[in-house]
Amino acid sequence: METQLATFLAYSPLIGMVIGMGSAAAFLILYKANQMRQLRVESAGSEAEDDHPTPTLYAQIAGILLIITIIEVVVVIIDIGTLILIPVLLILSAIKFGFVIGYYMHLKFDHKLFSTMFLGGLFLAIGVMAALIGLFGNFTLPSDTVLAESSSHEKHHLTHVDSPLMTVLGLSGSDDGHSEESASASSGSMTITSGESGVEFAFAPATVEVAAGESVQLIFDNKGTIAHDFAIPELGFAIESTDAGQSGSGTLAVPATPGTYDFICSIPGHKEAGMVGQIVIN
Amino acid sequence: MHDENVGHATTTGLDNRKMLMWVFLASDCLFFGSLISTYMVMRSQSGVGPFPGDIFDILYTSVSAFVLLMSSLTMVLSLSALQRGDHKNTRIWLLATAFLGAIFLGGQYYEFTVFVAEGLTLSTNIFGTTFFVLTGFHGTHVAIGVMMLLSMYGASVLGKLPQSSSINLELVGLYWHFVDIVWIVIFTIVYLIPS
Ligand SMILES: [Cu+2]
């Protein structure tokens with residue numbers, strides 16, 4: 001949990017900047033448009049009716065919206081780099097947003113109370129989005145990070161599993177969370193993680209091998225952002241719900257006959273989302 | 001039916017129905033905001049594919065986004081015609097708007113079919129779940145909008161949409177433009193921004 005908070009804090013200036021710029025752009029367009037309108041109304045006296053947009057203006061705006069959409073698609077296709085791309089896209093879509101609500105939805109010409117009502121809801125929604133993403137977002141820094149490394153070292157000491165498995169997990173790339181490698185129990189203890197490399201709904205490793213008739217201590221290490229559990233329904237084995245950042249364990253009496261069983265997270269929907277793996281008994 | 005143009009005296013001096021529509025749209029912002037953030041948080045969390053990068057076709061979606069933008073133009077042109085008392089053009093642009101909305105829906109249906117064929121369903125993975133719930137919820141808004149547009153067209157044909165009650169068409173227009181701006185945001189966040 002601490003790691004995630006730290007990573008989120010590391011990213012928060014960028015997120016804040018992007019959200020801020022996006023909403024500022026939308027707000028500025030409306031504000032500017034209102035100001036210009038007031039100036040024109042003052043200079044034209046009471047002839048505010050003339051200020052009403054004409055079909056020509058509507059068509060011109062449609063042209064602008066089309067051009068902005070083309071620019072958006074072009075910058076995505078030529079790939080200008082994620083750090084520039086995201087702010088550019090958000091600003092461009094905020095401009096489109098501003099044109100539609102300002103002109104097509106007449107906020108520019110209508111009573112200010114309508115704008116207040118709508119923008120109030122809009123900013124509330126932006127706040128809710130920022131909170132949700134801040135609370136549940138799983139941010140991986142683009143290059144490898146000190147934060148991630150230090151956390152996996154902590155886990156080493158916590159669980160005392162100094163197997164090659166942990167080394168493999170610790171070194172796996174930041175965007176490769178779908179490792180297919182299997183692990184076998186050599187020391188009578190085995191760790192299975194979830195939330196590895198920012199992938200919430202998956203177990204790593206997805207396949208484990210155990211020897212028939214042995215007794216194996218299974219450690220479930222939840223590195224994700226929400227609670228998960230670990231169960232082998234056919235063997236009646238379960239490690240109960242484990243909160244984010246916690247680990248739990250249980251001793252599995254492996255049957256004497258070889259076979260393959262599914263292990264899952266039994267929280268509704270999690271198996272379907274990808275939290276399923278196989279335990280192979282040799 | 002009372003004369004729509006008069007309206008009731010209100011404390012704000014503004015039309016209550018229009019205020020209601022704006023407050024409704026503001027509340028809908030929160031609905032879409034939650035669905036969009038859920039999608040953003042969950043889309044790269046799937047344990048199994050297909051992943052967003054595998055199936056999105058940006059050029060195809062750009063065309064649908066463009067169709068919906070243009071329907072906003074035809075919508076304002078329809079309202080503008082009604083406010084001038086030009087009923088013929090009101091109907092033409094209304095039909096055009098409903099038609100463009102229907103094209104968008106057809107495009108979305110086709111896109112969903114392609115995604116399902118490539119193995120992404122509502123229950124394949126968490127990306128599929130959040131993607132279909134978000135875009136399906138938006139598609140439902142579009143479908144309701146098309147029905148409202150067609151009923152406006154019907155009302156106009158039956159002579160029940162006089163110039164004096166252009167507020168009715170204006171309210172439908174507000175809803176329709178809102179559906180369009182939501183798509184502007186979804187198009188950018190879901191399709192254009194890489195996960
Ligand atoms: Cu789970």
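Residues numbered from 1 in each chain as written. Chains lettered and ligands numbered in written order. Predicted model: local features only at pLDDT ≥ 70, side-chain atom pairs only at ≥ 80, totals over all residues. Heavy atoms only, no water.

Caption draft 1: Region of interest: the coordination of the copper ion. All names here are of chain A. Those protein atoms acting as donors to the copper ion are His228 (ND1), Cys265 (SG), His270 (ND1) and Met275 (SD), and they sit at 1.9 to 2.8 Å. The coordination sphere of the copper ion comprises 4 donor atoms, whose angles at the metal cover 81 to 142°; the geometry is irregular. One chain supplies every donor for the copper ion, spaced along it as H-x36-C-x4-H-x4-M. With His228 in strand β6 (residues 228-232) and Cys265 in the loop between β9 (259-264) and β10 (276-281), the pair connects residues that are 37 residues apart, well separated along the chain. (Donors = N, O, S within 2.8 Å, 3.2 Å for Na, K, Ca; no water. Tetrahedral: all angles 85-135°; square planar, octahedral: opposite > 155°, others 65-115°. Helix = DSSP H or I, 4+ residues; strand = E, 2+ residues; numbered from the N terminus.)

Caption draft 2: Quick peek at the interface of chain B and chain A. Every contact between the two is made by 53 residues of chain B and, on the other side, 49 residues of chain A. When the buried surface of chain B facing chain A is broken down by residue, Trp22, Gln45 and Ile181 of chain B rank first, second and third, together holding 15% of it. At the boundary of chain B with chain A, the tally comes to 1 salt bridge. Between Lys18 of chain B and Asp110 of chain A there is a salt bridge; the shortest N-O distance is 2.7 Å. The interface formed by chain B and chain A contains 2 residue pairs in polar contact (both at pLDDT 80 or more). Where the side of chain B that touches chain A is concerned, the elements lending two or more residues are α1 (16-42), α3 (58-83) and α6 (166-192) of chain B. (Contact = heavy atoms within 4.5 Å. Buried area = accessible area lost by both parts, 1.4 Å probe. Salt bridge = Lys/Arg side-chain N within 4 Å of Asp/Glu carboxyl O. Polar contact = N/O pair within 3.5 Å; in protein donor to acceptor, adjacent residues only side chain to side chain.)

Caption draft 3: Up close: the environment of Val142 of chain B. Residues and elements named next belong to chain B. Inspection of the secondary structure assignment puts Val142 in helix α5 (residues 126-157). Of the residues examined, Val142 reaches a relative accessible area of 0% and is grouped as buried. C-alpha separation for the pair Val142 and Phe104, spaced 38 residues apart in sequence, amounts to 8.4 Å. Not counting residues within four places of it along the chain, the set of residues in contact with Val142 comprises Gly101, Phe104, Leu105, Trp176 and Val179. (Buried < 20%, exposed > 50% of the residue type's maximum accessible area, 1.4 Å probe, protein only.)

Caption draft 4: Layout of the pairing of strand β2 (residues 189-194) of chain A. Residue and element names in this part refer to chain A. Counting buried positions along β2 yields 5 of 6 residues, so the element is predominantly enclosed. Note: β2 against strand β5 (residues 215-222), 6 bridges, orientation parallel. Each residue of the ladder has a partner; that of Ser189, found in β5, is Gln217. Across 2 bridges, the pairing between β2 and strand β3 (residues 203-204) is antiparallel. (Pairing = 2+ DSSP bridges.)

Caption draft 5: Quick look at the packing of helix α4 (residues 87-117) of chain B against α6 of chain B. All names here are of chain B. In contact at an axis separation of 13 Å, α4 and α6 are set at 30° when each is read in the N-to-C sense. The orientation of α4 with respect to α6, classified from their angle, is roughly parallel. Note on packing geometry: the crossing formed by α4 with α6 is left-handed. Only Leu169, Trp176, Trp183 and Tyr191 of α6 make contact with α4, whose side of the interface consists of Thr90, Leu94, Thr97, Gly101, Phe104, Gln108 and Glu111. Residues of the contact of α4 with α6, tallied by class, amount to 6 nonpolar, 4 polar and 1 charged. (Axes fitted to C-alpha atoms, helices over the stretch in contact; angles between N-to-C directions. Parallel < 35°, antiparallel > 145°, perpendicular 65-115°, else oblique. Left-handed = near helix turned anticlockwise from the far one by under 90°. Nonpolar A, V, L, I, M, F, W, Y, C, P; charged D, E, K, R; others polar.)

Caption draft 6: Spatial organisation of the pattern of salt bridges. All names here are of chain B. Inspection of every chain in the model, using the stated rule, returns 5 salt bridges over all chains. A salt bridge links Lys18 to Glu170, with the shortest nitrogen-to-oxygen separation between them at 2.7 Å. Here Glu170 lies in helix α6 and Lys18 lies in helix α1, a separation of 152 residues in the sequence. The two residues Lys18 and Glu170 agree in class, both being buried.

Caption draft 7: A look at the confidence of the model for chain B. All names here are of chain B. In this model, chain B carries a mean pLDDT of 89, and residues with pLDDT of at least 70 account for 95%. Within chain B, no element has a lower average pLDDT than helix α2 (residues 52-55), which sits at 84, and none a higher one than α5, at 95. Scored below 50 in pLDDT, residues 1-5 makes 8 contacts in the model with residues more than four places away or belonging to other chains. Overall fold confidence for the complex sits at a pTM of 0.68, while the interface term, ipTM, reaches 0.89. (pLDDT = per-residue confidence, 0-100.)

Caption draft 8: Up close: helix α4 (residues 112-136) of chain A. Helix length check: α4 of chain A, at 25 residues, gives a terminal C-alpha distance of 36 Å against a target of 36 Å (1.5 Å per residue), a fit within 8%. Turning to α4 of chain A, its buried residues are Phe114, Ser115, Phe118, Leu119, Gly121, Leu122, Ala125, Met129, Ile133 and Gly134 of chain A. (Expected span 1.5 Å × (residues − 1).)

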